[in-house]
Structures are given as structure tokens and as C-alpha cells.
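Coordinate analysis (summary)
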Amino acid sequence: MTILKESKQLDAGLYFVATPIGSARDITLRALDILYSADLLIAEDTRSLKKLMDIHQIPVRRRKIISYHDHNGERKRPLILKEIENGKSISYCSEAGSPLIADPGFQLGREIVKAGHKVFSVPGACALIAALTVSGLPTNQFFYAGFLPTTKNMRIKFLENLKEIPSTIVFYESPKRVNKSISDMLEVMGPDRSVVIARELTKKFEEIIRTTLEDVQLELRNRVIKGEIVILLGKENESELNTANLKELLLIEFREHTLKDSVANISVKTGINRSKVYKTALELVKEAKIPESSSIS
Ligand code: SAM
């Protein structure tokens, strides 16, 4: 690992720095550089940031770690803006993962952009992306729905609005409410909808449950789910992505790849098995939308 020995002069502005969602080593080298060099450190939870910096041996030196969260944001934003106007580089970390994603930072970023100053992304861990990658559900399109509302009526309305979305849907949820949410999902989306629960990602008790809403409800009756969770829903009949869509995807992929690679890529991206994608590709050849010469060997 490259550890900085002296701080670099950073451009003035706000750096949104992603931090790990479990495993402390899931932090980028650039994130460590920014934490080492920023003039001012801001955190949703100052103790968590201090702990992370200790793990990675980044000294706070004489810098201040200032707290910024939903409850003091209005008061703190003008002060932060002033520091940037004075040419300071400021790093902002939320408690875990990517700032702004179900975490504070949106208003801060918006006001800084509006004032004509620079905002930089220092990307890294994000639970929704980590969950998608291990879900086995299609990732070519997804809808991030954030946290579900806490009351039943609101939850049902919220889910009704999402019902027709033709892509994987990702929710953050508290383990305390998971049973209620699953039961409302079942009511709105039906028993056969694919569901994935990604629990404690990157941590010791990581677990991925891949099943249907009906089956997961039965499973949850017999156990208590603990820790942090992401719930993902497959789209309706997700394993039966309709042929028209599949043809469209293949034609787009074919613009830059051979037919053989297009089939392989689309199969990986959609989770649809290769022979079905291959069959659809042959239909496109028959329809003369793809030249016969590019047939797959
Ligand atoms: N900013 C974070 C991100 O980039 O993912 C999200 C912060 S939000 C306050 C916390 C929620 O993210 C948790 O309730 C859970 O739904 C999800 N989450 C965070 N860490 C997780 C993990 N290690 N495994 C599963 N879900 C996680």
C-alpha cells in the first residue's frame, strides 16, 4: 500500500469521499490521499471517521473534524461554503458507504455547486451496488428506491407506484421492518416475484438469500434477520425478459462487438441463459437485421 508521507496541495472544493460499508480495507488509495491532504475534515459521525483514519494510520494533525448531518446541516452549510471561498479543500464522509446515497450531503453539494465552487467525487463502496453485483438479478437497468416508508398505508402506495417498473428494484431496509416490508411486497407484487436479501455485505456474517417473495416470507417466519440489509426485487417475469427487448439489446451490443461476443455479453448482463440469447440472435440473422456472415461458430 502506498502511504503518503506529506500532504498534497488539493484544489479548493468539497470532496465527497466514500468509506467502507463493513470491511475497513474497502477504501480506495485516493480516498486515503484525500483524507491525508484535505485542509478540513467533515463527517456525519466524527468518531467513525477518526476510527477509520486510525486504522489506516492517517494523522488528523492539527486539522479539525467537524460534524455535519441532517440536524445541523442548515447551520453548518454557510460555514463550509466560507471555507471553500477561502480556498480550502474539504473532505466529507458519511457514516458508511457513499455520501448522499441514503445519507447526508445532497443539500451541501447542491449549495456548493450553486455558488460556483467545485465538488469532487472520490468513489468507493456503496451497499446498493455491492448488493446488485451478488444478487444474480439483471443489472442492465435497475431502480434504486431507497428506504421504504414506515407506515403500512404509505408503504403499500409506494410499492404500487413501483410495481410496473421494468427493471430490478433495490431497497434499503432496517432488519426491524423487513418482515412487514416483505409481506407488503408480496401483497402488491405477488408471490412469484424474485427477491434477494443481501445481508451484512463485506462483513463476517454476510449472507445472500435468493428466492421468491412467497418463500422468503415463510423463511422469515422461522428466523430473526439481524444486521444491515438490502432487498432487491426482480422485475415481473424477470427470467422471461421479452424477446423484443432481447433483440434490441443484441442489436445495440452488435454495433461494437461480434455476434458471438454480443451473445455472451448480453447473457452476462441480463442473467438470461446463453442458449436463449443465441436463439434470439439467430432470429435476427433470419430477419436479416444481422448479416449471415457473422453467424456464431
Ligand atoms: N451511504 C450508504 C451506501 O452507500 O450504501 C447507505 C447508508 S444508509 C443510512 C444504510 C443502509 O444501507 C442500511 O440500512 C442498509 O440497508 C444498507 N447497508 C449499508 N451497509 C450494508 C451492508 N454492509 N450490507 C447490507 N446493507 C447495507
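In what follows, the structure referred to is the one given above.
Remember, it's a predicted structure, so these values are computed and weren't measured experimentally.

**Points about the site of the ligand**
If you check the shell around the ligand, you find 19 residues, and the closest are Ser98, Ile101, Ala127, Tyr172 and Ile229. Within the backbone of Ile101, one N or O atom sits 2.8 Å away from a nitrogen atom of the ligand. Between the ligand and Asp103 there is a distance of 2.9 Å, counted from a nitrogen atom to a side-chain nitrogen or oxygen. When the ligand sits alone it has 570 Å² of accessible area, and the protein chains cover 90% of it.

**A look at the sheet that holds strand 6 (residues 142–147)**
Within the open sheet, the five strands sit side by side as 6-7-10-8-9. Their pairing is mixed. Among the strands making up the open sheet, the edge pair consists of strand 6 and strand 9 (207–212). Across this sheet, the average inter-strand angle for adjacent strands is 15°, counted without regard to direction. Pairing geometry for strand 7 (residues 168–173) and strand 10 (residues 229–233), over five bridges, is antiparallel. Within the sheet, the bridge partner assigned to Phe171 lies in strand 10 and is Ile231. Relative to the sheet, helix 7 (residues 178–189) contacts strand 7, strand 8 (194–199) and strand 10, its axis offset from that of strand 10 by approximately 5°.

**Side note on the pairing of strand 6**
Pairing analysis gives five bridges linking strand 6 to strand 7, with the strands arranged parallel. The residue of strand 7 that forms the bridge with Phe142 is Thr168.

Rules and cut-offs
Residues numbered from 1 in each chain as written. Predicted model: local features only at pLDDT ≥ 70, side-chain atom pairs only at ≥ 80, totals over all residues. Heavy atoms only, no water. Near = heavy atom within 4 Å. Polar contact = N/O pair within 3.5 Å; in protein donor to acceptor, adjacent residues only side chain to side chain. Areas by Shrake-Rupley, 256 points an atom, 1.4 Å probe, with all protein chains shown as cover. Pairing = 2+ DSSP bridges. Helix = DSSP H or I, 4+ residues; strand = E, 2+ residues; numbered from the N terminus. Axes fitted to C-alpha atoms, helices over the stretch in contact; angles between N-to-C directions. Contact = heavy atoms within 4.5 Å.

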